[in-house]
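Descriptive analysis of the structure
Residue strings, one per chain:
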Amino acid sequence: MSEKSDLAELGERLVELGLSRGTAGNISILSAEGEVIGSPSGTDLGRLDPDNLSVLRMAGDGALSQQSGPRASKEMPMHAAMYRRFGPGVVVHTHSFYAVQSSCMPAWAPYCAVPPHAPYFVMTIGNLPLIPYRHPGDPELGELIDQADLDFRAALLAHHGLILYAESVDAAVAATVELEEACKLAVGLSGVPNAEVLDADALRELAQRNGRPWGSGRGRTGA
């Protein structure tokens, strides 16, 4: 399949899973050749037309410029920041219900916005910083992602939603589902007295076994 067909499939799967509603959110794929295929501004992710997507080019300095197709989402600077960290792959940004709720709550730790109550969150996501609020489409959101002195594949955007990077469409769907479930658990347990998180040794072991970053600073695994 081409990147355009892959993107349409990704959007459809996210909508089917209830992770994107209406025209909220945006997704993209960066090829090894530096071409970015993105969901156009104001589109329903469940109805993307592979022949009518935004096509951008990522320059050597990591800047994006539109080449063809409908106007790209105003939030593409966030996508560019994730690609500058990781290179070719997939970026998902949604306003899914529990991710937005969690993004309105204080961060559990500087390196993880939600409490690690269950293992699969750490196994799939790992570090999850809370990026300070800027209005949707503000290029400074990309700059804040660039400046974050932390290893991470996903982040919550304060009062906004989630953004994450994955190597493939399947991995992107799995990560988005797991992150939304972790946020749902965090919201559900937020009012439960003495709700426990996994202990530091268990968290460290889970992250190391699954190759996920955990703990403050770049290249560090540990609470």
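In what follows, the structure referred to is the one given above.
Residues numbered from 1 in each chain as written. Predicted model: local features only at pLDDT ≥ 70, side-chain atom pairs only at ≥ 80, totals over all residues. Heavy atoms only, no water.

Regarding the nonpolar core
Note the cut-off: Put simply, buried Ala, Val, Leu, Ile, Met, Phe, Trp, Tyr and Cys residues joined by side-chain atoms within 4.5 Å make one nonpolar core. Note on exposure labels: buried denotes an accessible area under 20% of the residue type's maximum, exposed denotes more than 50%, and partly exposed covers the range between, all computed with a 1.4 Å probe on protein chains only. By definition, any uninterrupted DSSP run of H or I lasting at least four residues is a helix, any uninterrupted run of E lasting at least two residues is a strand, and each is numbered from the N terminus. Throughout, a residue-residue contact means that at least one pair of heavy atoms, one from each residue, lies within 4.5 Å.
In this structure, Leu-10, Phe-121, Leu-128 and Leu-179 are the most contacted members of the largest nonpolar core, which totals 64 residues. Looking at this core element by element, the count peaks at 8 residues for helix α6 (residues 169–189). Residues in contact with Leu-128, not counting those within four places in the same chain, are Tyr-111, Cys-112, Ala-113, Val-114, Phe-121, Ala-154, Ala-155, Leu-156 and Leu-179.

Details of helix α7 (residues 200–210)
Operational definition: Directions drawn from the helix axis to the C-beta atoms are what define this arc. Within 3.5 Å is the distance limit for a polar contact, defined as a pair of N or O atoms, with the added protein rule that one can donate a hydrogen and the other accept it, and that residues adjacent in sequence qualify only through two side-chain atoms.
For α7, the set of buried residues is Leu-203, Leu-206 and Ala-207. The buried residues of α7 occupy one face: seen down the axis, they fall within an arc of 95 degrees. Exposed residues lying more than 90 degrees from the buried face of α7 are Asp-201, Gln-208 and Arg-209. In this structure, the buried side of α7 is in contact with α4 (119–124). For α7, the capping residue at the N-terminal end is Asp-199, with a side-chain oxygen 3.1 Å from the backbone nitrogen of Asp-201.

Here's the deal with the packing of aromatic side chains
Quick reminder of the rule: Between 30 and 60 degrees the pair is tilted, below 30 it is stacked and above 60 it is edge-to-face, where a pair is any two Phe, Tyr or Trp rings, Trp via its six-membered ring, whose centres lie within 6.5 Å.
Summed over the entire model, instances satisfying the criterion amount to 5 aromatic pairs. A ring pair is formed by Phe-97 and Tyr-98, whose centres lie 5.0 Å apart and whose planes are at 85 degrees; its orientation type is edge-to-face. Given a relative accessible area of 49%, Phe-97 falls into the partly exposed group. By relative accessible area, Tyr-98 is classed as partly exposed at 25%.

With respect to unusual backbone geometry
For His-159, which is not glycine, the phi dihedral falls at a positive 60 degrees. The topology assignment puts His-159 in the loop between β7 (154–157) and β8 (161–166). Backbone geometry at Asn-194 places phi at a positive 60 degrees, although glycine is not the residue there. Of note, Asn-194 is situated in the loop between α6 and α7.

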